[in-house]
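Per-entry structural report
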Amino acid sequence: MTQTAPARHIGRTTLYFFGALGGILFGYDLGVISGVLPFIGKLWALTSWDKGVITASLSVGAIVGALFSSRTNEVLGRRRTIMVAAAIVIVGTLAACFSPTFALLVVSRLVIGLGIGLSSSTVPTYLSELAPARLRGAMGALNQIFIVTGILIAFLVSYWLGPLSAWRWMFAGAILPAAVLLLGLAFLPETPRWLVKNGREEEARRVLASAHGNTVNLDEEISTIREVIRMDTEQKPRFRDLFAGWVRPMLFVAVLLAIGQQFSGVNAINAYFPTMLIGLGFATQAALLSGVLLGVTKFLFTAWVVFVVDRWGRKPLLLIGNVIMVLTLAAAGIIVLNVHDTGLRGILMLVMMVLYLVGYELGWGAVVWVMMSEVFPLKVRAAGMGVSSVVLWAATGVVSAVFPIISDPKSLGIGGSMFLFAGINVVLFVLTKWLVPETKGRTLEQIELDLRARQGVRVRG
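These numbers were taken from a predicted model, which means no experiment stands behind them.

Quick notes on the rules
- Residues numbered from 1 in each chain as written.
- Predicted model: local features only at pLDDT ≥ 70, side-chain atom pairs only at ≥ 80, totals over all residues.
- Heavy atoms only, no water.
- Axes fitted to C-alpha atoms, helices over the stretch in contact; angles between N-to-C directions.
- Helix = DSSP H or I, 4+ residues; strand = E, 2+ residues; numbered from the N terminus.
- Parallel < 35°, antiparallel > 145°, perpendicular 65-115°, else oblique.
- Left-handed = near helix turned anticlockwise from the far one by under 90°.
- Contact = heavy atoms within 4.5 Å.
- Salt bridge = Lys/Arg side-chain N within 4 Å of Asp/Glu carboxyl O.
- Buried < 20%, exposed > 50% of the residue type's maximum accessible area, 1.4 Å probe, protein only.
- Phe/Tyr/Trp six-rings, centres within 6.5 Å; stacked < 30°, edge-to-face > 60°.
- Patch = residues over 30% accessible without salt bridge, like charges linked within 9 Å, V, L, I, M, F, W, Y side chains within 5 Å.
- Areas by Shrake-Rupley, 256 points an atom, 1.4 Å probe, with all protein chains shown as cover.

So, the packing of helix H2 (residues 22–43) against helix H3 (residues 48–76)
Where H2 meets H3, the axes come as close as 10 Å, and the angle between the chain directions of the two elements is 160 degrees. Relative to H3, the element H2 lies roughly antiparallel. Every pair of crossing elements has a handedness; the one defined by H2 and H3 is right-handed. In this structure, H2 uses Asp29, Leu30, Ile33, Leu37 and Ile40 to contact H3, whose residues at the interface are Lys51, Ile54, Thr55 and Leu58.

Here it is as structure tokens:
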């Protein structure tokens, strides 16, 4: 039986704001550990391995959350999945604030990660299914703006609380965005595609009218969604459908983007840059202040991408980002190995990392999440985003756990680690140039129908 929503207008700004607010949670919990580590490292005498474990524990929890996201997306819908994620983050954050030992803090971070994993694989889908085709890239990039805003807030909170060594209050900052997200989504609609798929077509029409205004022909849009759903439901969705011949190329692209985003080195910088600077001779507060500068850089250039992603296209931004990251990482490696004055070395490293983040945010920051939510057909979109998020969080966990070990002077050191990441970015440039398609300016249904046609899948009229 069709269910309908109250006849009320919901502004696009409100929809996109609360949809993307999940990025605040993602970013804050990624970034806050960089401010916490210098204090708990001394308090609990943590080894390099311990630091990697506590940083990577968020990613391990996120893998579990992403694994469950496909099922919860289909059963609960995109909106309620995000609400559940916010509630889990609140519980985990409270546990982290009161953790008396290293082991309990690791468990708390695992719980937080569970909520972040659910959210990070669902928010891009929520946004892409609400946004008009002409704005979808910008709306997806909005999610990345909120992620880097969360990181910036985490860096600012860490700097402000640093003189008090109040690392527990640093963790507590995540409660506010989680609570706003939970309350806000309670008043917002589900996406039109999920509603149509679940027999709530009248409600889907109202959501489309609210989100798209007069820019969409409702009958035509509903008809297109219904047709894609019809084709996809002729056969019951199965996980193995991700490996069907016509879907497999897009699965490979999504996995490449997910791995590449993290192996580019970004979370080694996000999580460990203050620790790196302290190791190079900076005072703790100066290192935390440098982290704030990195956060500001990430925010400014992510905001700029919103205005160019639907004009320049996704692929050119990925390639430009790779070039900038290769050059700055190589330069950072040279600086660490050849500049011996502590003050000058720290300043030059800060400059290189700022420029590195310019490249990352231009390409692999916002664009990856936009494209992962675009390339999968509706039938396997939730499963595809779930798999992509699992891969992304697994890559995050690997980088987070391994970087303290490889950057240790007894291993590659910081300089050698920079050269390693530069080499990885060269490989990513080649693979992106060769394999990644362009998706700008096309509806999700057009992308899917074109994908079917190119792979020889028949579409009935």
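Some points on the pattern of salt bridges
Oppositely charged side chains can pair when the atoms bearing their charge come close. As enumerated under the stated definition, the model contains seven salt bridges in all. The shortest N-O distance in the salt bridge between glutamate 201 and arginine 226 comes to 2.9 Å. Note that glutamate 201 is positioned in helix H10 (residues 201–212) and arginine 226 in helix H11 (residues 218–233), a separation of 25 residues in sequence. Look at arginine 226 and you get partly exposed, because its relative accessible area is 36%. For the salt bridge of lysine 298 with glutamate 361, the shortest nitrogen-to-oxygen distance reads 2.6 Å. Remark: glutamate 361 occurs in helix H16 (residues 342–375) and lysine 298 occurs in helix H14 (residues 284–312); sequence separation between them is 63 residues.

A closer look at the packing of aromatic side chains
Across all of its chains, the model carries five aromatic pairs by this definition. Taken together, Trp44, Trp167 and Phe171 form an aromatic cluster joined through their ring pairs.

A look at a nonpolar patch on the surface
Taken together, the side chains of Val296, Leu300, Phe301, Trp304, Trp312 and Ile320 define a hydrophobic patch exposed on the protein surface, amounting to about 510 Å² of accessible area. With five residues, H14 is the largest single contributor of residues to the nonpolar patch. Mapped onto the elements, leucine 300 comes out in helix H14. The exposure class of leucine 300 is exposed, given its relative accessible area of 51%.

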